[in-house]
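Analysis of the macromolecular model
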Amino acid sequence: MRQVRLPDGTEVAALGQGTWHMGEGRRPRAEEADALRLGLDLGMTVIDTAEMYGEGGAEEVVGDAVAGRRAGAFVVSKVYPHNASRRGVVAACDRSLARLRIERIDLYLLHWRGRVPLGETVAGFADLHAAGKIGAWGVSNLDADELEELRGVPGGAGCATDQVLYNPEARGIEFGLLPWCVRHAMPVMAYSPVGQGGALLQAPALQAVARRQGATPAQVAIAWALRHPGVIAIPKATDAAHVRDNAAAAALQLTAGDLAAIDAAFPPPRRKQGLQML
């Protein structure tokens, strides 16, 4: 599995696992945890979750998955904006740690920007880091101008990543945000790399590339995100076959012709766009 380097030098897998909608009773909790464990076995050692997902239910699934194998997992979680005051973020992290049943969250993110000043949230992250409760911190759903603002607050330059929506039909970050992150050696975490609802995977361009590659449209979409060396993709899977398919995408090499076909169907941005979110 290719590795991506975080600003503090930590190397993490370029292809990880998401957990949105886990822990909500859609599937048995044990099956969801089994899927995550299989992903760990296949090298997808980054597991992304959030206190929002299932109101903590997804974190409990992750706790099941990493029990007994904590050293082989890089756990990412996210705090609600309304919990992101200096004291609130510490309390929220403690609750997440209890649900995850671990002593440290490897990477802790502000889920999106709310009313709490960024400087206050960063101060809370610093408190958590000093206490050994988090390894690094970052943000999610912030655009380039907000990241620039973040760098202006005390300690704000310590941001390790920005987790954003990124796939062929949501590629606005390529105009401003992604280049900004490249300049500052900050990886981007791509959530929903295969889109939502299945519409992206029905696109004729992705299906044609998949046929040429002997792959699935989902694998093509994941490989497309991973073509950029500074991107970490975190697709979700809840059954073994889906997990194995996602893992295989890490080895898929798209050709220049493949990329041109995807560009023709989903043109790259030519101007600044509003940050897309789910």
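Here the structure is a predicted model, which is why all the values come from computation and not from measurement. (Residues numbered from 1 in each chain as written. Predicted model: local features only at pLDDT ≥ 70, side-chain atom pairs only at ≥ 80, totals over all residues. Heavy atoms only, no water.)

**Notes on the packing of helix α1 (residues 29–41) against helix α9 (residues 240–248)**
Running from N to C, α1 and α9 point in directions that differ by 30°, and their axes come no closer than 9 Å. By the angle between their axes, α1 is roughly parallel relative to α9. Of the two possible hands of crossing, α1 and α9 adopt the one that is right-handed. Of the residues in α9, those in contact with Ala35, Leu38 and Gly39 of α1 are Ala240, Val243 and Arg244. Split by residue class, the contact of α1 with α9 holds 4 nonpolar, 1 polar and 1 charged. (Axes fitted to C-alpha atoms, helices over the stretch in contact; angles between N-to-C directions. Helix = DSSP H or I, 4+ residues; strand = E, 2+ residues; numbered from the N terminus. Parallel < 35°, antiparallel > 145°, perpendicular 65-115°, else oblique. Left-handed = near helix turned anticlockwise from the far one by under 90°. Contact = heavy atoms within 4.5 Å. Nonpolar A, V, L, I, M, F, W, Y, C, P; charged D, E, K, R; others polar.)

**Quick look at helix α7 (residues 204–213)**
Those residues of α7 lying buried are Ala205, Leu206, Val209 and Ala210. Buried positions in α7, seen along its axis, are confined to an arc of 135° and lie on one side of it. More than 90 degrees from the buried face of α7, the exposed residues found are Pro204, Arg211 and Arg212. Those residues of α7 hidden inside the fold are in contact with α8 (217–226) and α10 (256–265). Trailing α7 by a residue or two, glycine 214 shows a phi angle of about 65°, which is positive. (Buried < 20%, exposed > 50% of the residue type's maximum accessible area, 1.4 Å probe, protein only. Arc of directions from axis to C-beta.)

**Quick look at the environment of alanine 264**
When you line up the elements, alanine 264 lands in helix α10. The exposure class assigned to alanine 264 is exposed, which follows from its relative accessible area of 64%. The sequence separation of alanine 264 and glycine 57 amounts to 207 residues, and the corresponding C-alpha distance is 40 Å.

**Remarks on the sheet that holds strand β9 (residues 231–233)**
Taken in spatial order, the 7 strands of this open sheet run β3-β4-β5-β6-β7-β8-β9, and their pairing is parallel. Of all strands in the sheet, those bounded by a partner on one side alone are β3 (46–48) and β9. When strand polarity is set aside, the average angle formed by the axes of neighbouring strands in this sheet is 30°. As judged from the 4 bridges shared by strand β4 (residues 74–79) and strand β5 (residues 105–110), these two strands associate in the parallel manner. (Pairing = 2+ DSSP bridges.)

**Focus: the side chain of asparagine 141**
With respect to the helices and strands, the residue asparagine 141 is situated in the loop between β6 (134–140) and α5 (144–151). Of note is the side chain of asparagine 141, whose polar atom sits 2.9 Å from the side chain of tyrosine 191. In contact with asparagine 141, not counting residues within four places along its chain, are His111, Trp112, Glu146, Asp162, Gln163, Val164, Tyr191, Leu275 and Met277. (Polar contact = N/O pair within 3.5 Å; in protein donor to acceptor, adjacent residues only side chain to side chain.)

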